Amino acid sequence: MQDIVTALQELDHILRREEAQCDALAHNIARERQVLRTLKLTDMAEVNHQRAELLDGLHLLETERTAWVARLAGHWNLAPSTISLSVILERLEAAEAQRLETLYTRMAGKIRALRHEISINAGILSSLQIFIRKGLNVVRQATAPLGLYSGSGGPLESGMGALMFRQKG
């Protein structure tokens, strides 16, 4: 692995690109919420396509970061599974460690916010699904035969009989 300063610059570049992807994902989530609230469901395909591209980009950056950690582990003669943020911070100068920790903390906050925003959108989507399902049930019931019976037990084709019972079952 190149010297540690160059390696840290590479990590910084990876993390900043991840941060930009997270910002773009936050914008996508806000757009999704607007589409759900205005019921412009035809725009959902574009939102979902953009989301898939953003998540693919994040996955590539995660792969790049994981490879960086593996190279760092090899440079320090450690198993990649033993490398954590605290291990990296312990081996850096205080200024570099502080800068990296600040960047990590900011990213972690953005990720928590993204999870929260996604859960809000999931709740809105769930409510819409329930509303649509109930609406479809109302339409189905309104277009179904009445299923009424006369006092003698014979089916009625209209609700005009003096004695009516709604069909069960």
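Up top is the structure.
Below or above, wherever it landed, is the structure these notes cover. (Residues numbered from 1 in each chain as written. Predicted model: local features only at pLDDT ≥ 70, side-chain atom pairs only at ≥ 80, totals over all residues. Heavy atoms only, no water.)

## Regarding the overall build of the protein
1) Next: On a plain count of helices and strands, the protein comes out with four helices and three strands.
2) Next: Listed N to C, the secondary structure of the protein is α-α-α-α-β-β-β in terms of helices and strands.
3) Next: Residue burial in the protein is summarised as follows: out of 169 residues, 27% are buried.
4) Next: A separation of at least 24 residues holds for 53% of the contacts in the protein among residues at least 6 apart in sequence.
5) Next: Within the structure as shown, the protein displays about 11400 Å² of accessible surface, and the carbon and sulfur contribution to it stands at 59%. (Helix = DSSP H or I, 4+ residues; strand = E, 2+ residues; numbered from the N terminus. Buried < 20%, exposed > 50% of the residue type's maximum accessible area, 1.4 Å probe, protein only. Contact = heavy atoms within 4.5 Å. Areas by Shrake-Rupley, 256 points an atom, 1.4 Å probe, with all protein chains shown as cover.)

## What about the pattern of salt bridges?
1) Next: Per the stated rule, a full pass over the model turns up 12 salt bridges.
2) Next: Taking the shortest distance from any N to any O, the salt bridge between aspartate 12 and arginine 16 comes out at 2.8 Å. One end of the pair, aspartate 12, and the other, arginine 16, are both in helix α1 (residues 4-38), four residues apart, so they sit about a helical turn from each other.
3) Next: Its salt-bridge partner being arginine 99, residue glutamate 96 comes within 2.7 Å of it at the nearest N-O pair. Taken together, the positions of glutamate 96 and arginine 99, both in helix α4 (residues 94-143) and three residues apart, correspond to about one turn of that helix.
4) Next: Residue arginine 99 is classed as partly exposed on the basis of its relative accessible area, which comes to 31%.
5) Next: Taken together, the shared-partner salt bridges connect Asp12, Arg16, Glu96 and Arg99 into one network. (Salt bridge = Lys/Arg side-chain N within 4 Å of Asp/Glu carboxyl O.)

## Focus on the environment of glutamate 10
1) Next: On the secondary structure map, glutamate 10 appears in helix α1.
2) Next: As for glutamate 10 and arginine 65, which are separated by 55 residues in sequence, their C-alpha atoms are 9.2 Å apart.

## Focus on unusual backbone geometry
1) Next: In this structure, leucine 39 is a non-glycine residue whose phi angle is positive, near 60°.
2) Next: Tracing the sequence through the fold places leucine 39 in the loop between α1 and α2 (44-75).
3) Next: Positive phi outside glycine occurs at asparagine 77, with the angle close to 55°.
4) Next: Looking at the secondary structure, you find asparagine 77 in the loop between α2 and α3 (85-90).

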